[in-house]
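Observations on chain architecture
Chain residues, written in single-letter form:
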Amino acid sequence: MYSDIVEATVRSNYERFVFDPRMQSRDKRKCLYVMMVDDVKAEKQVRFCERSGRVLGLCYHAHENDVPTEVKSVEDCEAIAQAIEDQTVHLASEVTCVALGGIREVDYNPRFVATSAGCLENDPTERTELLVRASIATYVNDPRG
């Protein structure tokens, strides 16, 4: 389930930030891209994303423990609050970010294609590997990539 969410999010991010014609560089020459991966410290807070209907800011352990992050009812909100109180899930302390940066003279700013909220507690390398694999596969398998 978590991998499905990651893959769908990565595809959406590529559409919005890489393949969208409005995001294309003024420099029309082809260029190479560098993939950058880094963990960034995050402020521990929960917020609701109206566009996706999901609660953001929970560590990825929410998916492992079947805590809902998509809010469809008051019961979902109560389940999230209870999971935080029971310490079944906790707030993310860092975000793993994957970005593409074009090697060119202009428009070389990084474009984020994948992020995942994590923590310093039992954070497996598989989570980062999943982000990187999904990011590479999406780019390679799309004819625009």
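A word on helix α3 (residues 74-86). The terminal C-alpha atoms of α3 lie 18 Å apart, and with 13 residues this matches the ideal 18 Å at 1.5 Å per residue to within 8%. The complete set of buried residues in α3 reads Asp 76, Ile 80 and Ala 83. The buried residues of α3 occupy an angular sector of 65° when projected down its axis, which confines them to one face. Opposite its buried face, α3 presents the exposed residues Val 74, Glu 75, Glu 78 and Glu 85, each directed more than 90 degrees away. Residue Gln 87 follows α3 closely and has a positive phi angle near 65°.

So, about unusual backbone geometry. We note that Asp 66 has phi near 55°; this positive angle belongs to a residue other than glycine. Tracing the backbone through its elements, the reader meets Asp 66 in the loop between α2 (61-64) and α3. Residue Asp 66 is classed as exposed on the basis of its relative accessible area of 65%. Non-glycine residue Gln 87 carries a positive phi angle of around 65°. Relative to the helices and strands, Gln 87 resides in the loop between α3 and β4 (94-103).

This paragraph deals with the pattern of salt bridges. Enumeration over the complete set of coordinates arrives at 5 salt bridges. Linking Glu 15 and Arg 144 is a salt bridge whose minimum nitrogen-to-oxygen distance equals 2.4 Å. Taken together, the positions of Glu 15 in helix α1 (residues 2-19) and Arg 144 in the segment after α4 (125-141) put the pair 129 residues apart, joining distant regions of the chain. Exposure remark for Glu 15: the relative accessible area of 37% places this residue in the partly exposed category. Given the relative accessible area of 44%, Arg 144 is considered partly exposed. A salt bridge links Arg 54 to Glu 70, with the shortest nitrogen-to-oxygen separation between them at 3.9 Å. Highlighted residues: Arg 54 in strand β3 (residues 54-56) and Glu 70 in the loop between α2 and α3, separated in sequence by 16 residues. Under the relative-accessibility criterion, Glu 70 is labelled partly exposed at 33%. Look at the salt bridges and you will find they share partners, linking Glu 15, Asp 142 and Arg 144 into a network.

Procedures and definitions
Residues numbered from 1 in each chain as written. Predicted model: local features only at pLDDT ≥ 70, side-chain atom pairs only at ≥ 80, totals over all residues. Heavy atoms only, no water. Helix = DSSP H or I, 4+ residues; strand = E, 2+ residues; numbered from the N terminus. Expected span 1.5 Å × (residues − 1). Buried < 20%, exposed > 50% of the residue type's maximum accessible area, 1.4 Å probe, protein only. Arc of directions from axis to C-beta. Salt bridge = Lys/Arg side-chain N within 4 Å of Asp/Glu carboxyl O.

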